[in-house]
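Analysis of the macromolecular model
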Amino acid sequence: MDDGAIDLKRAAREAAYNMPLADIDPSDPELFRNDTMWPYFERLRKEDPVHWSTSPEAEIGGYWSITKYNDIMAVDTNHEAFSSEPTIVLPDPDADFTLPMFIAMDQPKHDEQRKTVSPAVSPVQLMNLEPVIRERSGAILDSLPIGEEFNWVDKVSIELTTMTLATLFDFPWEDRRKLTRWSDVATAAPNSGLFSSDDPEIAKAEGRAELFECVDYFLRLWNERVNAPPQPDLISMLAHGESTRNMDRMEYLGNLILLIVGGNDTTRNSITGSILALSQNPEQERLLRADHSLIPAMVSETIRWQTPLAYMRRTALKDVELGGKTIKKGDKVAMWYVSGNRDEEVIERPNDFWIQRPRVRQHLSFGFGIHRCVGNRLAELQLKIIWEEILKRFPKIEVMGPPRRVPSSFVKGYEHLPVVIPSKT
């Protein structure tokens, strides 16, 4: 870590502990862009684990921050008191642009729609996908330059996850990078650099236009699949599923965005996070290279350490007592998975990247209850395979500078990670 990064983290710690507790707002995207949110969550876990936060963003306003592991578990599994509707993010949806999706639905509709797509990531399908993912991983890695700096995020993480996603959708191969773009646009802030202007209204209009392009593209695929025999791809499953075949355009778009973001952003950021974590913890990399049987544990530890989605929102359906506070009916509740995964009272040495950690699968990154990530095993499979193939080829991957992170408090990810591969095995 360079001196500038150390100074930034020291300043963040001073700011976190010197400001009035009531002023702490973990939803500030700049905290995540600069990777300086950690002392704020640390203080909240110690002093006010069920914390009323107020965002200056009008569409967010006031909300509860839940920052400890067991409290997050209590909210995530209490579906009678906490609803996933109308959305899983803190900003309320615009009345004229609401995107229903099964992750933002309650029972029974959630269960019916989830059941429709879950066969795409069943154990049998994963067994069929494994050789495909392995072949593509090898081809991607073999195409990388040796001795030249490149962006790992673009060349490896995005490419592998986009290829896998295109396979799950049976999406036209030559257009697969559209999936990456739509995923980025769906979760982007106005100042993300993805739009022609940082002006929120311009960015919003451009983002909507691209998402309408997305649903129109997928409607053409829907019309092809609905008139053909059912196939084991996600579009065919949606088109033929009893609970999804009558979706309107916006619900179709909502579920597409869910599947695209869920299948793209989270896995690609964990792949990049694993490179960064091992670079920052060379003794752990030495252990991994000496014993490849540690790969599955390293994958689980990466998913905890990275926490690719920082939070999920719920809305209280009734008054609930939690942590000595009363959450009122209608209040927004943010379950900060990124904080719960560093809870000192539950997880030993939580700030360490430790691939031999006892109970290494004990983390919150996939959520709990009925909304536990449907593609969690596919995410783990992709990370496992890419690292098996990396270790066959490269004695070292050198990180050449700090990552550039996504300016988002929801998707905890990377835009750029400069690396050099000095040589091949």
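Provided above is the structure to which this section pertains.
This report concerns the structure included in the present document. Treat the numbers as computed from the prediction; the structure is a model and nothing was measured.

Rules used in this analysis
- Residues numbered from 1 in each chain as written.
- Predicted model: local features only at pLDDT ≥ 70, side-chain atom pairs only at ≥ 80, totals over all residues.
- Heavy atoms only, no water.
- Core = buried A, V, L, I, M, F, W, Y, C linked by side-chain atoms within 4.5 Å.
- Buried < 20%, exposed > 50% of the residue type's maximum accessible area, 1.4 Å probe, protein only.
- Helix = DSSP H or I, 4+ residues; strand = E, 2+ residues; numbered from the N terminus.
- Contact = heavy atoms within 4.5 Å.
- Salt bridge = Lys/Arg side-chain N within 4 Å of Asp/Glu carboxyl O.
- Pairing = 2+ DSSP bridges.
- Axes fitted to C-alpha atoms, helices over the stretch in contact; angles between N-to-C directions.

A short note on the nonpolar core
- Among the nonpolar cores identified, the biggest contains 124 residues, and Trp-152, Phe-169, Phe-218 and Trp-387 are the most heavily contacted of them.
- With 14 residues, helix H11 (residues 249–280) is the single largest residue contributor to this core.
- Non-local contacts of Phe-218, meaning those with residues more than four positions away in its chain, are made with Phe-169, Phe-171, Leu-179, Trp-182, Ile-235, Tyr-252, Leu-256 and Ile-260.

With respect to the environment of Ile-390
- By the element assignment, Ile-390 lies in helix H15 (residues 376–393).
- Overall, the relative accessible area of 1% leaves Ile-390 in the buried class.
- If we ignore the near neighbours within four places in the chain, the residues touching Ile-390 are Leu-141, Trp-152, Ile-275 and Ile-397.

A few points about the pattern of salt bridges
- For the structure shown, the criterion picks out 43 salt bridges.
- Residue Lys-178 pairs with Glu-213 through a salt bridge whose shortest N-O separation is 3.6 Å. Of this pair, Lys-178 sits in helix H8 (residues 177–187) while Glu-213 sits in helix H9 (residues 200–226), and the two are 35 residues apart along the sequence.
- Residue Lys-178 is classed as partly exposed on the basis of its relative accessible area, which comes to 28%.

Considering the sheet that holds strand E12 (residues 418–420)
- Ordered in space as E4-E12-E9, the three strands form an open sheet in which the pairing is antiparallel. The open sheet terminates on both sides in strands that have one partner only, identified here as strand E4 (150–151) and strand E9 (398–399).
- Pairing of E4 with E12 involves two bridges; the strand directions are antiparallel. By the bridge assignment, Asn-151 is partnered in E12 with Pro-418.

Comments concerning the sheet that holds strand E2 (residues 62–66)
- The strand order across the open sheet built from five strands is E1-E2-E8-E5-E3, with neighbouring strands paired in mixed fashion. Only two strands of the sheet have a single partner each, and these edge strands are strand E1 (50–54) and strand E3 (82–83).
- By the bridge criterion, three bridges tie E2 to strand E8 (residues 332–335) in an arrangement that is parallel. In the strand pairing of E8, Ile-66 is matched with Met-335.
- On top of the sheet, helix H4 (residues 69–76) reaches E1, E2, E3, strand E5 (312–316) and E8; it is set at about 125 degrees to E8, its chief contact.

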